[in-house]
Amino acid sequence: MKTLLKLNTSIFGENGYSSRLTQAFVARWLAVHPGRALIERDLATTPVPHLTAEVFAGFSAPPGERSPAQQAAVEASDALIDELKRADVLVIGLPMYNFGVPSTLKAYFDYISRAGETFRYTEQGPEGLLTGKQAYVFATRGGVYAGVSSDTETIYVRQLLSFLGIRDIEFVYAEGLGRGDAARTAAFESAARVIEQVTDTSRLAA
Ligand SMILES: Cc1cc2nc3c(=O)[nH]c(=O)nc-3n(C[C@H](O)[C@H](O)[C@H](O)COP(=O)(O)O)c2cc1C
């Protein structure tokens, strides 16, 4: 069954602008694909722990040689990766906090980027294993950065997802949210138009 995984990361929960956009996308997607599966994960309310050397060592240790703490971390990582593997469509709410991605998203990426699971090393270099998926990233910012070199968020998220094999990525921006009501309304209307376009039945795979 076609499955959508929604990852929210706003510290403002469902009131976060990125969360409102991911929800708007999900509502449209489910309307277009009735009966399809939705997995929701809020990394702000249920954060993934920071990666440690012990946990990282546990990721590559044989099961019988892991400490209980390493085993628990591997099982948590496996569960996150299983969600990702089940998803055909990945939707990420991406606020900008202090010029970067929410630290909760970075911690999540550190837990799901695992050799042999989501990528592998080959003689030609690393190869992503999460192929055949689409990603929609809803980037919300107080300022305006899309398309300029200081938008390191877009570069980083695209690079990380591509590394894992997810190359079909659409970034939807709502920017200037800190520049007053008119700018905020315009940003939301623009993002809503993109959501309408990208969820158009003719563009969504069956
Ligand atoms: C702690 C914090 C740091 C922020 N840093 C930036 C920033 O570096 N650049 C920017 O344009 N906006 C910044 N903002 C504004 C947010 O990007 C904006 O409020 C956006 O709506 C956040 O998405 P959210 O509402 O989904 O949480 C910051 C907001 C907060 C709360």
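Everything below is about the structure shown above.
First, a word on what this report is: a plain description of the structure on this page. (Residues numbered from 1 in each chain as written. Predicted model: local features only at pLDDT ≥ 70, side-chain atom pairs only at ≥ 80, totals over all residues. Heavy atoms only, no water.)

### So, the overall build of the protein
Here's step 1: Scanning the protein from terminus to terminus reveals six helices and seven strands.
Here's step 2: Counted from the first residue to the last, the protein has its helices and strands arranged as β-α-β-α-α-β-α-β-β-β-α-β-α.
Here's step 3: What you see for the protein is a C-alpha radius of gyration of 18 Å, in line with the 17 Å of a compact globule of 206 residues.
Here's step 4: Here the C-alpha coordinates of the protein stretch approximately 60 × 40 × 35 Å along the principal axes.
Here's step 5: Counting only residues that meet the buried cut, the protein has 46% of its 206 residues in that class.
Here's step 6: Taking the intrachain contacts of the protein between residues at least 6 apart in sequence as the baseline, contacts between residues at least 24 apart amount to 75%.
Here's step 7: Counting only carbon and sulfur atoms, one obtains 53% of the accessible surface of the protein, whose full area is about 10300 Å². (Helix = DSSP H or I, 4+ residues; strand = E, 2+ residues; numbered from the N terminus. Rg over C-alpha atoms; globule rule 2.2 N^0.38 Å. Buried < 20%, exposed > 50% of the residue type's maximum accessible area, 1.4 Å probe, protein only. Contact = heavy atoms within 4.5 Å. Areas by Shrake-Rupley, 256 points an atom, 1.4 Å probe, with all protein chains shown as cover.)

### So, the site of the ligand
Here's step 1: Taken together, 16 residues surround the ligand, and among them Ser10, Ser18, Met96, Tyr97 and Gly143 come closest.
Here's step 2: In the environment of the ligand, an oxygen atom lies 2.6 Å from a nitrogen or oxygen atom belonging to the side chain of Ser10.
Here's step 3: Contact between the ligand and Thr140: an oxygen atom at 2.9 Å from a side-chain N or O atom of the residue.
Here's step 4: For the ligand, the accessible surface in isolation is 620 Å², of which the surrounding protein chains cover 77%. (Near = heavy atom within 4 Å. Polar contact = N/O pair within 3.5 Å; in protein donor to acceptor, adjacent residues only side chain to side chain.)

### A few points about the nonpolar core
Here's step 1: Grouped together as the largest cluster of nonpolar side chains are 34 residues, with contacts concentrated most on Leu90, Tyr108 and Leu161.
Here's step 2: Looking at this core, the elements with two or more residues in it are strand S1 (3-8), helix H2 (53-60), helix H3 (68-86), strand S3 (89-95), helix H4 (103-112), strand S6 (134-140), helix H5 (152-163) and strand S7 (168-174).
Here's step 3: Not counting residues up to four positions away in its chain, the partners in contact with Leu161 are Leu90, Ile92, Phe109, Ala135, Val137, Ile166 and Ile169.
Here's step 4: With 16 residues, the next largest nonpolar core counts Leu4, Leu21, Phe25 and Phe138 among its residues. (Core = buried A, V, L, I, M, F, W, Y, C linked by side-chain atoms within 4.5 Å.)

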